[in-house]
Amino acid sequence: MRIIFMGTPDFAVPCLEKLISSNHEIVGVFTQPDKKRGRGYVLTASPIKEVALKHGIPVYQPDSLKSEETYELILSLKPELMIVVAYGKILPGNILKIPPMGCINVHGSLLPKYRGAAPIQWSVINGEKTTGITTMYMDEGLDTGDILLQASTQINEDETSKELYDRLRLMGAELLMDTIEKVKKGSILRKKQDDSLSTYAPMLNKSLSKIDWNDKAEKIHNLVRGLNPWPIAMTTLDGKTLKIYKTAVSKPIVGTPGEVKSIYPFIVCCGNNTSIEIIELQMESKKRMKAEDFFRGYKLDPKTVLK
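Residues numbered from 1 in each chain as written. Predicted model: local features only at pLDDT ≥ 70, side-chain atom pairs only at ≥ 80, totals over all residues. Heavy atoms only, no water.

Some thoughts on the overall build of the protein
Argument step 1. Counting its regular elements, the protein contains 8 helices and 15 strands.
Argument step 2. Projected onto its principal axes, the C-alpha positions of the protein cover 70 × 45 × 30 Å.
Argument step 3. Looking at the protein as a whole, 50% of its 307 residues qualify as buried.
Argument step 4. Here the protein has roughly 15500 Å² of accessible surface; of this, 51% comes from carbon and sulfur atoms. (Helix = DSSP H or I, 4+ residues; strand = E, 2+ residues; numbered from the N terminus. Buried < 20%, exposed > 50% of the residue type's maximum accessible area, 1.4 Å probe, protein only. Areas by Shrake-Rupley, 256 points an atom, 1.4 Å probe, with all protein chains shown as cover.)

Brief notes about the pairing of strand S1 (residues 2-7)
Argument step 1. The buried fraction of S1 amounts to 5 of the 6 residues, a majority that puts the element mostly inside the structure.
Argument step 2. The sheet contact formed by S1 and strand S2 (residues 25-30) spans 5 bridges and is parallel. If you follow isoleucine 3 over to S2, its bridge partner there is isoleucine 26.
Argument step 3. This β-α-β element, S1 to helix H1 (residues 13-20) to S2, shows right-handed connectivity.
Argument step 4. Sheet topology places S1 next to strand S6 (residues 81-85); 5 bridges connect them, and they run parallel. Counted as the bridge partner of isoleucine 3 is leucine 81 from S6. (Pairing = 2+ DSSP bridges. Right-handed = clockwise from strand over helix to strand, strands pointing away.)

Details of the packing of aromatic side chains
The geometry of two aromatic rings is summed up by the distance between their centres and the angle between their planes.
Argument step 1. Within the structure shown, the criterion is met by 5 aromatic pairs.
Argument step 2. On the basis of an interplanar angle of 35° and a centroid distance of 5.1 Å, the ring pair of phenylalanine 30 and tyrosine 60 is categorised as tilted. Residue phenylalanine 30 is located in strand S2, and its partner tyrosine 60 is located in strand S5 (residues 59-60); the two are separated by 30 residues in the primary sequence.
Argument step 3. Aromatic side chains phenylalanine 294 and phenylalanine 295 sit 5.0 Å apart centroid to centroid with 70° between the ring planes, which places their arrangement in the edge-to-face category. You'll find phenylalanine 294 and phenylalanine 295 in the same group, each marked buried.
Argument step 4. What links up through ring pairs into an aromatic cluster is the set Phe266, Phe294, Phe295 and Tyr298. (Phe/Tyr/Trp six-rings, centres within 6.5 Å; stacked < 30°, edge-to-face > 60°.)

Here we look at the nonpolar core
Argument step 1. Ranked by internal contacts, the top residues of the largest apolar core, which has 38 residues, are Phe5, Leu19, Ile83 and Ile180.
Argument step 2. Element by element, the count of residues in this core is highest for helix H6 (residues 161-185), at 10 residues.
Argument step 3. Non-local contacts of phenylalanine 5, meaning those with residues more than four positions away in its chain, are made with Ala12, Cys15, Leu16, Leu19, Gly28, Val29, Phe30, Ile48, Ile83 and Val85. (Core = buried A, V, L, I, M, F, W, Y, C linked by side-chain atoms within 4.5 Å. Contact = heavy atoms within 4.5 Å.)

Let's talk about the side chain of aspartate 146
Argument step 1. Inspection of the secondary structure assignment puts aspartate 146 in the loop between strand S8 (130-137) and strand S9 (147-154).
Argument step 2. Using a relative accessible area of 14% as the deciding quantity, one classes aspartate 146 as buried.
Argument step 3. Within the local environment of aspartate 146, its side chain forms a polar contact with the side chain of arginine 190, the two groups lying 3.1 Å apart.
Argument step 4. Each residue touching aspartate 146, except ones within four places of it in the same chain, is listed here: Thr135, Met136, Tyr137, Arg190, Lys191 and Lys192. (Polar contact = N/O pair within 3.5 Å; in protein donor to acceptor, adjacent residues only side chain to side chain.)

Overview of the state of the cysteines
Cysteine pairs can be covalently joined through their sulfur atoms, and such a bond is termed a disulfide.
Argument step 1. On inspection of all chains with the given rule, the structure shows 0 disulfides.
Argument step 2. This cysteine, cysteine 15, is not joined by any disulfide, and cysteine 103 carries the nearest cysteine sulfur, 15 Å off.
Argument step 3. The exposure class of cysteine 15 is buried, given its relative accessible area of 0%.
Argument step 4. Here cysteine 269 is not cross-linked by a disulfide; its sulfur's nearest cysteine counterpart is in cysteine 270, at 7.4 Å.
Argument step 5. In this structure cysteine 269 comes out as buried when scored by relative accessible area, which is 1%. (Disulfide = S-S within 2.5 Å.)

Considerations on the sheet that holds S2
Argument step 1. Read across the open sheet, the 7 strands follow the order S5-S2-S1-S6-S7-S8-S9; overall the sheet is mixed. Taken across any chain shown, the strands that pair with only one partner, and hence form the sheet edges, are S5 and S9.
Argument step 2. In the sheet, S6 pairs with strand S7 (residues 103-107) via 3 bridges, with the strands oriented parallel. Note on S7: the bridge partner recorded for valine 84 is asparagine 105.
Argument step 3. Together, S1, S2, S6 and S7 form the strand contacts of H1, whose direction differs from that of S1 by roughly 165°. (Axes fitted to C-alpha atoms, helices over the stretch in contact; angles between N-to-C directions.)

By themselves, these observations are geometric and do not establish any function.
Structural data, given as structure tokens:
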């Protein structure tokens, strides 16, 4: 089939690579415009653009999909099917209608739960035990189209959103190829989503990072896991920002929320007489390190309470 692929981050890379290795014809790849990144603000191509160029596939980076020019461009490519994986732009109705076999999206949750931009991270933050991948036909709503196939997986109790992300991106590629094959054969069944069961997973921002030590240890642990690798959970130690990268739920303990009970291991009191062990951290202006290494060079007042 003639396929247009739309995607931007590395989450979409396994899907594109699977398509390239198949017998389908990728007639064009659409991705977000290059952005300035890093300390030097160097103009950088998206991971999807890099893969497409490596394989000699035409790359298109329109600022908007709503222009007549973009519509005519997609029309001229004569796609039979369009695949969208974490593209980062909403497809207008006129473009959705172009491919005769429709537009298929690969989404990182078991829809209708966690519609939106950050389903993987919110699944971890909210302490979900199970998540997965959904392929669906796209419509003009936000992740509201008919479900095609789903694959589920357990979320490990100490798994970060980055670790889960890396597993799901590979699962997504396998499910996509299965979906395309069934669509091609006309054997796939469509299932409407139950909107009453939907939840929303908005984009993450730094305002989520501040730890509330009045929360129970499990909730704090889930926040730390869910915000790793970005924007990272944080607290305040001696008036400076302390980023928390890795934790473990510890034993019940009596104390003031935020109170440091020990440094070897680094145990902090949480709400409801729970406690958490901080395993990896980063003090303001310092490098990331294990807590035990940090305290070899940092003197801590025994009455310290993290804020």
